Protein chains: 2
Amino acid sequence: MDRKKVLITGAAGRIGSVIHHAFRDRYRLRLMYHNTVPPVEGDEEVMVGSIADLAFLEEAVQGVDAIVHMAGNPSGKATWEAVLEANIQGTYCVYEAARRQGVKRIVFASTNHVTGYYEKEKIYTTPDMPERPDSYYGASKALGEDLARYYVDAFGLEIFCLRIGSFQPDESVKNRKSDRILSTWLSHRDCVQLVRRCLEVEGLNYGIFYGISGNQRAYWDISNARQLLGYEPEDDAERFA
Amino acid sequence: MDRKKVLITGAAGRIGSVIHHAFRDRYRLRLMYHNTVPPVEGDEEVMVGSIADLAFLEEAVQGVDAIVHMAGNPSGKATWEAVLEANIQGTYCVYEAARRQGVKRIVFASTNHVTGYYEKEKIYTTPDMPERPDSYYGASKALGEDLARYYVDAFGLEIFCLRIGSFQPDESVKNRKSDRILSTWLSHRDCVQLVRRCLEVEGLNYGIFYGISGNQRAYWDISNARQLLGYEPEDDAERFA
């Protein structure tokens, strides 16, 4: 059976680069970078350009079976102007390019900051609660989720929004700045599993899922990821306690 | 007691012009127009400029007690580019200008199209259900609501989002194109009451309310407007049945 062809946007990012290496054997990959291009291997395709450029995006998505959309400004402290360009306009360009080119399935890197004010108030949070962003960054990803729903309802796309928790480049060291990570951690292999399940699940066309490992101290509900995606996290941040 | 000073953005619009005339005696008004300026009266102040120009907005909000934010592209068929400028950037500018100038209270003209896909599927809708926009227009107003929540939580603003139904310039004639209006109608005086209650309610800093009259056939829940705002609609679209 032919391997699916998957475009990864933001392939140089913290998460994008992990996904890139983990998906090498499973999918044929097209990697989209903003400027710098790290080493690529084998038959991997590479494109360089701006996520906010619709004409470029139309080229980038042409002929792929699915998109893992990781590009964007990842800072919780980003300015409005920064997220307006990279996250709001950028995510519109991904969805719209996919619609025009007939690509149905997209995994969208949203963020727990879409509901960050519940966390500040120590409120256990489920994915169906009203959005309560804690930043321009969080608000920009809320728009990405709402726009996803529109593209699913109106144009038949299949979009899965992952409200990613704490993803660390180096997994061997506990983030000692705070205990928050005991609740919010997402291990590399759980992240890879979650994205893969979103790419391969059948009979589902939309969903919002918190992207965390099976942390005992979690205050975000991942039961819908277990039930709808078959997500079975292998890790628990308790190891850092 | 001094009358409050209220800025109305989009004062030339269908709703803005009705609010303008109804509020003349109750508040001191500053009217913001995009280009054309209709006749004004008495001590009304006028400003002309773009809703997406933050520096201009900072001038426009200076010294007012509250803002009725009606400006924006009101078309359910507007392009992404149109709503990105007028509704997304425009609403950010209003909130940010208010924050910088110390204006706390804002009434934001959202729309029923934020949840339009429930209506298409004949699902009775309450304000706390996840957003399901039916258009770029609806998605842009969803962002306005989510960004409002952020400004309330993070900066202490008080913002009330009205998901306005069907507001017609001419109230004497039934819109004969469809029976939808029997469910979605908002009369002029009920609109004026609703905006006024948002401007004057105490002990509340955020809310999403459907803006319709007391229509027997309503499929949007306005019980929270009755309970939290004291909204008592005087009209019912059944008169057109």
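Structural notes, computed from the coordinates. The shown structure was predicted, so the numbers you read here are calculated from the model rather than taken from an experiment.

## Observations concerning a nonpolar patch on the surface
On the surface, a cluster of nonpolar side chains totalling about 260 Å² of accessible area is made up of Val37(A), Val40(A), Val46(A) and Val48(A). Looking at where Val46(A) falls in the secondary structure, it is placed in strand β3 (residues 45-48).

## Notes on the packing of aromatic side chains
Within the structure shown, the criterion is met by 28 aromatic pairs over all chains. For the pair Tyr150(B) and Tyr151(B), a centre-to-centre distance of 5.7 Å together with 70° between the ring planes defines the contact as edge-to-face. For the residue pair Tyr150(B) and Tyr151(B), the accessibility class agrees, reading buried in each case. What links up through ring pairs into an aromatic cluster is the set Trp80(A), Tyr136(A), Tyr92(B), Tyr95(B), Phe108(B), Tyr150(B), Tyr151(B) and Phe155(B). The aromatic ring of Tyr117(A) is capped on one face by Lys120(A), whose charged end is 5.3 Å from the ring centroid.

## Describing the sheet that holds strand β7 (residues 206-211) of chain B
Residues and elements named next belong to chain B. Taken in spatial order, the 7 strands of this open sheet run β3-β2-β1-β4-β5-β6-β7, and their pairing is parallel. Looking at strand neighbours, the two that pair on one side only are β3 (45-48) and β7, the edges of this open sheet. Neighbour-to-neighbour, the strand axes of this sheet turn through a mean angle of 20°, independent of strand direction. With 4 bridges connecting them, strand β1 (residues 5-9) and strand β4 (residues 66-69) associate as parallel partners.

## Focus on the interface of chain B and chain A
The accessible area lost on association of the parts is a frequent measure of interface size. Counting residues at the interface gives 26 residues for chain B and 26 residues for chain A. It is Trp80(B), Tyr136(B) and Tyr150(B) that lose the most area in chain B upon contact with chain A, and together they represent 24% of the buried surface on that side. A salt bridge links Arg132(A) to Asp153(B), with the shortest nitrogen-to-oxygen separation between them at 2.8 Å. At the boundary of chain B with chain A, the tally comes to 10 residue pairs in polar contact (both at pLDDT 80 or more). Every element with two or more residues in the side of chain B that touches chain A is listed here: α3 (80-101) and α5 (136-155) of chain B. Take the side of chain B that touches chain A: its biggest share by element is 11 residues, from α5(B). Its residues assigned to classes, the side of chain B that touches chain A comprises 15 nonpolar, 2 polar and 9 charged.

The rules we used
- Sequence order sets the numbering: in each chain, residues are counted from 1 along the sequence as written.
- Chains and ligands are labelled by the order in which they are written, letters from A for the one and numbers from 1 for the other.
- Local features are withheld for residues below a pLDDT of 70 in this predicted model, meaning they are given only at 70 or higher, and side-chain atom pairs are given and counted only at 80 or more; totals for whole chains, interfaces and linings count all residues.
- To obtain the side-chain values, all non-hydrogen atoms of the structure were included, while hydrogens and water were left out.
- Any residue with relative accessible area above 30% and no salt bridge may belong to a patch, with like charges joined within 9 Å and the nonpolar Val, Leu, Ile, Met, Phe, Trp and Tyr side chains within 5 Å.
- Accessible surface area values rest on a Shrake-Rupley calculation with a 1.4 Å probe, where residue burial reflects the displayed protein chains alone.
- Each salt bridge in this description consists of a side-chain nitrogen of Lys or Arg and a carboxyl oxygen of Asp or Glu lying within 4 Å of one another.
- Each helix is a run of DSSP H or I of at least 4 residues and each strand a run of E of at least 2, with the numbering of both proceeding from the N terminus.
- Think of it this way: a Phe, Tyr or Trp ring, Trp meaning its six-membered ring, pairs with another when their centres are within 6.5 Å, and the plane angle makes it stacked under 30 degrees, edge-to-face over 60, tilted otherwise.
- Under the scheme applied here, a residue whose accessible area is under 20% of the maximum for its type counts as buried, over 50% as exposed, and between as partly exposed, the area being computed with a 1.4 Å probe on protein chains only.
- Note on criteria: charge over ring means Lys NZ or Arg CZ within 6 Å of the ring centre, with the direction from the centre no more than 35 degrees off the ring normal.
- By the convention used here, strands pair only if DSSP detects at least 2 bridges between them.
- For every element, the axis is a line fit to its C-alpha atoms; helices are fit only across the contacting stretch, and the angle between N-to-C directions ranges from 0 to 180 degrees.
- Contact criterion: two residues are considered in contact whenever any of their non-hydrogen atoms come within 4.5 Å of each other.
- Buried area: the accessible surface (1.4 Å probe) lost by two parts on joining, summed over both.
- A 3.5 Å cut-off defines polar contacts: any pair of N or O atoms within that distance qualifies, except that in protein one atom must be a possible hydrogen donor and the other a possible acceptor, and neighbouring residues in sequence count only when both atoms are side-chain atoms.
- Residue polarity is assigned by list, with Asp, Glu, Lys and Arg as charged and Ala, Val, Leu, Ile, Met, Phe, Trp, Tyr, Cys and Pro as nonpolar; anything else, Gly included, falls into the polar class.

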